[in-house]
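Summary of structural features
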Amino acid sequence: MRYLFKGGLVLDPKTRLEKEWDVRVAGGKITELGPHLEPEADGEELVDVSGKIVAPGFIDAHVHLREPGDEVHETIRTGCLAAVAGGFTAVCAMPNTLPCADNEAVIEYVIKRAKDAGLARVYPIGAITKGRQGKEIAEMGALYQAGAVAVSDDGNPVENSEVMRRALEYTQIFGIPVIAHCEDKGLSADGLMHEGAWATVLGLRGIPAQAEEAMVARDLLLAQLTGGRLHLAHLSTAGSVALLRFAREQGIKVTAEATPHHLLLTDEAVQGYDTNTKVNPPLRSKEDVQAIRAAVREGLIQCVASDHAPWAQEDKEQEYHRAPSGIAGLETAVPIVWDTLVVKEKMKPMELIARWTTGPAQVLNLDKGYLAVGIDADLTVIDPHLNKKVEAESFYSLGKNTPVNGRSFQGWPVLTVVEGKIVMRDGKVKEDIN
Amino acid sequence: MRIKAKDLIGMDQLDREQIGLILQTAKEMKTILKRDIKKVPTLRGKSVVTLFFEPSTRTRTSFELAAKYMSADLVNINTSVSSVVKGESLKDTGKTLEAMGVDIVVIRHSMAGAPQVLGGYLKARVINAGDGFHQHPTQALLDMMTIQERLGGFEGLKVAIVGDILHSRVARSNLFGLTTMGAEVTFCGPPTLMPPGLERPGVNVTYDMDEAVAEADVVMMLRIQLERQKAGYFPSIREYSRCYGLNKQRLALAKKDCLVLHPGPINRGVEMAGEVADSLQSCINEQVTNGVAVRMALLYLMLEQKEE
């Protein structure tokens, strides 16, 4: 298929390109990029994107696709449907599956299943330690050669500092980052939500901000000790932002991500015990949300990542204590963040797009997230004026667990192009692509 | 007038007028309890289910007697032998009760929020009989009834609530109820058992029991669960008792006729000296009686009154 995307505002954070240009796509590649391209007569579809923003394909650096093992919650195929529906051309799959991705077989399986689905690109992340137990480091060489772009025990911290030190050293052979889930389990204990006045009123055990910050501080020090590359997953507190800033000033090699839910919601949302608000790290205070927003605007946090964590309905329809943590975020990530940061806080679209393109590409060493003639045609087109209500029931993801069901947001992806194919148009995923 | 919300989950749902109505109705119900034949036909044909996911003797018995004195049909569901043990979810338990045509469900659960979640699945009304560390509204109402009976009202009263505030649903319910009615609440306990964010107008927090008790009109002691010591919240029962136990000397710091309340069961000699529990200032037995009256009033107000 050949397409000419005409009349849009082309934004490319890498080259700072911001022009009303047209994009021609053929044979899976971008073949032409420039002003006033003339439509070709035969076999090329003209796609009118006037009034819309054409960006490099968005990359979500943190998703849980649940396969293998937990296919009742999501499969690689449904996860990829959700990804392209949400405007993502690539996602990075966390290794906490059953069995977990601590060996090349699981990495190869994930890559194969993603290829079969033929929707978004899937970059698997391997485990830091065998069985994600935090005891012995996994065979990272095998993981890397099989295609893992990073290692993480996400869901668990690596509690033993010595093991984390070795991981930050050993990954330097391959130049891949260690993605840290920062949580001091002794402090977070049996906590269910952010520790503060709302936890007190609701009678739910609190998780202090310091449970995250203590581990962020330790991991930053280990990154300093080893010179390894540390990426901090789902930062949620003002204290973590302060520590990150300090580390940058010290020249420590560290990157970070924030999730849409931590940018939008505070612990007040837990009122009513909606288990869709249960997430780890928990929704934090107003001050924390402000600090995370400021850090994303400024670029101190260079990625926005959904931490897409789908769960079957019956698992979430339980007492708050029993329900698992997580939010199915792929299909709401872009509108939540666009509305919160661009519409309400006047962040420049170019800057926000960078958090989903050049940001994650740099963290994960991906030759993606920019526009140029001759490269794979991965594009995300945003309608910055479209105002739409979230309808969880119509998610492509098997997980309908979202705390923003029924809420309206402005700024939605309307086209997703992966390797020159339109895989999503106006929110509908094309399952019959040539 | 009636109880506005479908479910009674917490004291923060009730305004001054609603609390006044419940206490006034409870006062009338108490006259029934004083009779020789304690039975009125008011709730004949109504069904009440008590669904207790946590062991409880006094609250459950109190609800049961309240329902029976009012002639409602009552069923106790013992969750340790019911389908709940077989893994049935709260949602399905609720749907089953609904299908059986239950009018009111009284639920006790170890997890905060469970009554509210159950209420969302049911057309029947739900009364929270205690959920985790969240709330226990009928306990607060019976405490308030006792205070009103003895002291005539709430405006300007100084109430000290002492003990394990962190894990106490009784403390949270009383916080909302008492402050709504104009009393001033002082929470007291060790910092390890004090949740954050309690301070607000009319609410004080102190770790010093003498300060909390000084000039108090009411001292409400909370039960300390002895397991908390093993979890590391305080070094020993002896030390806890020394710092936060109510004895005669401490009570002397309060106003002369200061009331002593306790939701029971008491750890004698731990949070309260036996001689204080048995003193004339102690309202502990009165609280139990008022518990039945308050629950009769709530069942009446939530079942008998028609939609406006």
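It should be emphasised that the depicted structure is a prediction, and the values quoted were computed from it without experimental measurement.

Residue and element names in this part refer to chain A. By the element assignment, His234 lies in the loop between β15 (230-232) and α8 (238-249). One polar contact links His234 to Asp154, side chain to side chain, over a distance of 3.2 Å. Other than its neighbours up to four places away in sequence, His234 contacts His62, Asp154, His181, Glu212, Glu257, Thr259, Asn280, Pro281 and Asp307.

Residues and elements named next belong to chain B. Burial along strand β8 (residues 218-221) is two-sided: the face carrying Val218 and Met220 and the face carrying Val219 and Met221 are both buried. Note: strand β5 (residues 158-162) against β8, 4 bridges, orientation parallel. In the strand pairing of β8, Val159 is matched with Val218. Both β8 and strand β9 (residues 259-261) contribute to a ladder of 3 bridges, which runs parallel. Residue pairing in the sheet places Met220 in a bridge with Leu261 of β9.

Once that is clear, we can look at the pattern of salt bridges. Residues and elements named next belong to chain A. Going through the model one piece at a time under the given rule, you end up with 41 salt bridges over all chains. Between Asp376 and Lys29 there is a salt bridge, with the nearest N and O atoms lying 2.8 Å from each other. Linking Asp376 in the loop between α14 (358-363) and β18 (379-389) with Lys29 in strand β5 (residues 29-34), this pair joins segments that are 347 residues apart in sequence. With a relative accessible area of 19%, Asp376 lands in the buried category. Looking at Lys29, the relative accessible area reads 36%, which means it is partly exposed. Shared partners join several salt bridges into a network, and the residues in it are Lys29, Arg121, Lys368, Asp376, Asp378 and Glu419.

Moving on to empty space enclosed by the protein. All names here are of chain B. One pass over the structure, following the stated rule, counts 5 cavities of 30 Å³ or more. The space that makes up the largest cavity amounts to roughly 120 Å³. Lining the largest cavity are 13 residues, with Arg58, Gln139, Leu142, Pro263 and Val288 sitting closest to its centre. Every element with two or more residues in the lining of the largest cavity is listed here: α2 (58-69), α5 (137-151) and α12 (284-303). Tallying contributions element by element places α12 first for the lining of the largest cavity, with 5 residues. Taken together, the residues of the lining of the largest cavity sort by class into 4 nonpolar, 7 polar and 2 charged.

A separate point is the packing of α5 of chain B against α12 of chain B. All names here are of chain B. As a packed pair, α5 and α12 sit with axes 8 Å apart at the nearest point and diverge in direction by 115°. Between α5 and α12 the crossing geometry is right-handed. Residues Thr138, Gln139, Leu141, Leu142, Asp143, Met145, Thr146 and Glu149 of α5 lie in contact with α12, whose contacting residues are Glu286, Gln287, Asn290, Gly291, Ala293, Val294, Arg295 and Leu298. When grouped by side-chain class, the residues that make up the contact of α5 with α12 number 6 nonpolar, 6 polar and 4 charged.

Accessible area lost during the coming together of the parts is what is often quoted as the interface size. All names here are of chain A. Each domain of chain A was delimited in the assignment, giving domain 1 (2-54 + 375-429) and domain 2 (58-364). Placing a centre on the C-alpha atoms of domain 1 and another on those of domain 2 gives a separation of 26 Å. Taken together, the contact between domain 1 and domain 2 spans 40 residues of the former and 47 residues of the latter. Contact between domain 1 and domain 2 buries roughly 3,400 Å² in total, counting both sides, with carbon and sulfur atoms accounting for 66%. Of all residues in domain 1, Leu398, Asn401 and Pro403 give up the largest surface area on contact with domain 2, accounting jointly for 19% of the area buried on that side. Summed over the shared surface of domain 1 and domain 2, the result is 4 salt bridges. The closest approach of N and O atoms between Arg16 and Glu351, which form a salt bridge, is 2.7 Å. The tally of links from domain 1 across to domain 2 stands at 15 residue pairs in polar contact (both at pLDDT 80 or more). Every element with two or more residues in the side of domain 1 that touches domain 2 is listed here: β2 (9-12), β3 (17-19), β18, β19 (408-418) and β20 (421-425).

Residues and elements named next belong to chain B. Examined against the element boundaries, Asn128 turns out to sit in strand β4 (residues 125-131). Between the alpha carbons of Asn128 and Lys30 there is a distance of 21 Å; along the sequence they are 98 residues apart. Not counting residues within four places of it along the chain, the set of residues in contact with Asn128 comprises Leu8, Ile9, Ile107, Pro115, His134, Gln135 and Pro137.

Moving on, we come to the sheet that holds strand β7 (residues 203-206) of chain B. Residue and element names in this part refer to chain B. The strand order β7-β6-β5-β8-β9 describes an open sheet built from 5 strands, whose pairing is parallel. Only two strands of the sheet have a single neighbouring strand rather than two, namely β7 and β9. When the angles between neighbouring strand axes are averaged without regard to direction, this sheet yields 20°.

Bringing the layout of surface pockets into the picture now. Taken as a whole, the largest pocket holds about 750 Å³ of empty space. In terms of lining, the largest pocket is formed by 24 residues, of which the most central are Glu54, Arg108, Arg169, Arg223 and Gln225 of chain B. For the lining of the largest pocket, the secondary structure elements donating two or more residues are α2 and α6 (169-180) of chain B. The class makeup of the residues in the lining of the largest pocket is 6 nonpolar, 11 polar and 7 charged. In this model, the second largest pocket occupies a volume close to 550 Å³. Lining the second largest pocket are 29 residues, with Gly155, His181, Asn280, Trp311 and Ser325 of chain A positioned closest to its centre. For the lining of the second largest pocket, the class distribution of residues is 9 nonpolar, 12 polar and 8 charged.

Procedures and definitions
Residues numbered from 1 in each chain as written. Chains lettered and ligands numbered in written order. Predicted model: local features only at pLDDT ≥ 70, side-chain atom pairs only at ≥ 80, totals over all residues. Heavy atoms only, no water. Helix = DSSP H or I, 4+ residues; strand = E, 2+ residues; numbered from the N terminus. Polar contact = N/O pair within 3.5 Å; in protein donor to acceptor, adjacent residues only side chain to side chain. Contact = heavy atoms within 4.5 Å. Buried < 20%, exposed > 50% of the residue type's maximum accessible area, 1.4 Å probe, protein only. Pairing = 2+ DSSP bridges. Salt bridge = Lys/Arg side-chain N within 4 Å of Asp/Glu carboxyl O. 1 Å grid on protein atoms, 1.4 Å probe; cavity = no way out; pocket = protein on both sides within 12 Å on 5 of 7 lines; lining within 4 Å. Points joined across faces, edges and corners; volume = space filled by probe spheres on them. Nonpolar A, V, L, I, M, F, W, Y, C, P; charged D, E, K, R; others polar. Axes fitted to C-alpha atoms, helices over the stretch in contact; angles between N-to-C directions. Left-handed = near helix turned anticlockwise from the far one by under 90°. Domains from an automatic or database assignment. Buried area = accessible area lost by both parts, 1.4 Å probe.

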